Amino acid sequence: MSSPRRACPVCTRQIAVVGGRFARHDPPGRRSGLDLVSCPGSRRIAPLLATEPSLFPADQPPSTGQQALF
């Protein structure tokens with residue numbers, strides 16, 4: 001299963017969010033030399049989403065009790 005992706009607040013790339021933090025990533029563009037440089041947005045706390053995903057559609061409330069099998 002893949003991690004949800006959101007835009008990094010610094011470089012605006014779509015980055016995976018793992019454990020409420022942006023995953024470590026390199027800034028866009030070519031690297032200078034062989035040094036690995038992380039984007040300043042790496043490992044920052046990701047803001048919460050405005051709406052949480054729901055299990056049921058908004059127009060259909062969850063059913064009460066167990067449904068009949070047959």
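Residues numbered from 1 in each chain as written. Predicted model: local features only at pLDDT ≥ 70, side-chain atom pairs only at ≥ 80, totals over all residues. Heavy atoms only, no water.

Q: Residues and numbers for the side chain of His 25, please.
A: Turning to its location among the elements, His 25 is positioned in the segment after β3 (21-22). Only 2.9 Å separates the side chain of His 25 from the backbone oxygen of Ala 23, close enough to count as a polar contact. Here His 25 is in contact with Cys 8, Cys 11, Arg 13, Ile 15, Val 37, Ser 38, Cys 39, Gly 41 and Ser 42, once residues within four sequence places are set aside. (Helix = DSSP H or I, 4+ residues; strand = E, 2+ residues; numbered from the N terminus. Polar contact = N/O pair within 3.5 Å; in protein donor to acceptor, adjacent residues only side chain to side chain. Contact = heavy atoms within 4.5 Å.)

Q: Tell me about the nonpolar core, and name the residues and values.
A: One broad trend across soluble globular proteins is that nonpolar side chains are buried collectively. Counting residues in each nonpolar core, the largest one holds seven residues, listed as Cys 8, Cys 11, Ile 15, Val 17, Phe 22, Cys 39 and Ala 46. Setting aside anything within four residues of it in sequence, one finds Cys 8 in contact with Arg 13, Ile 15, Phe 22, His 25, Cys 39 and Gly 41. (Core = buried A, V, L, I, M, F, W, Y, C linked by side-chain atoms within 4.5 Å. Buried < 20%, exposed > 50% of the residue type's maximum accessible area, 1.4 Å probe, protein only.)

Q: For unusual backbone geometry, give the residues involved together with the corresponding values.
A: For Thr 12, which is not glycine, the phi torsion reads 60 degrees and is therefore positive. Along the chain, Thr 12 falls in the loop between β1 (5-7) and β2 (14-18). You will see that Arg 43, though not glycine, has its phi angle at about 65 degrees, which is positive. The topology assignment puts Arg 43 in the segment after β3.

Q: Summarise the sheet that holds β2; cite the residues concerned and give the values.
A: Spatially, β1-β2-β3 is the arrangement adopted by the three strands of the open sheet, whose pairing is antiparallel. Across the chains shown, the open sheet's two edge strands, defined by having one partner strand only, are β1 and β3. As judged from the two bridges shared by β2 and β3, these two strands associate in the antiparallel manner. In the sheet register, Val 18 faces β3, and the bridge partner there is Arg 21. (Pairing = 2+ DSSP bridges.)

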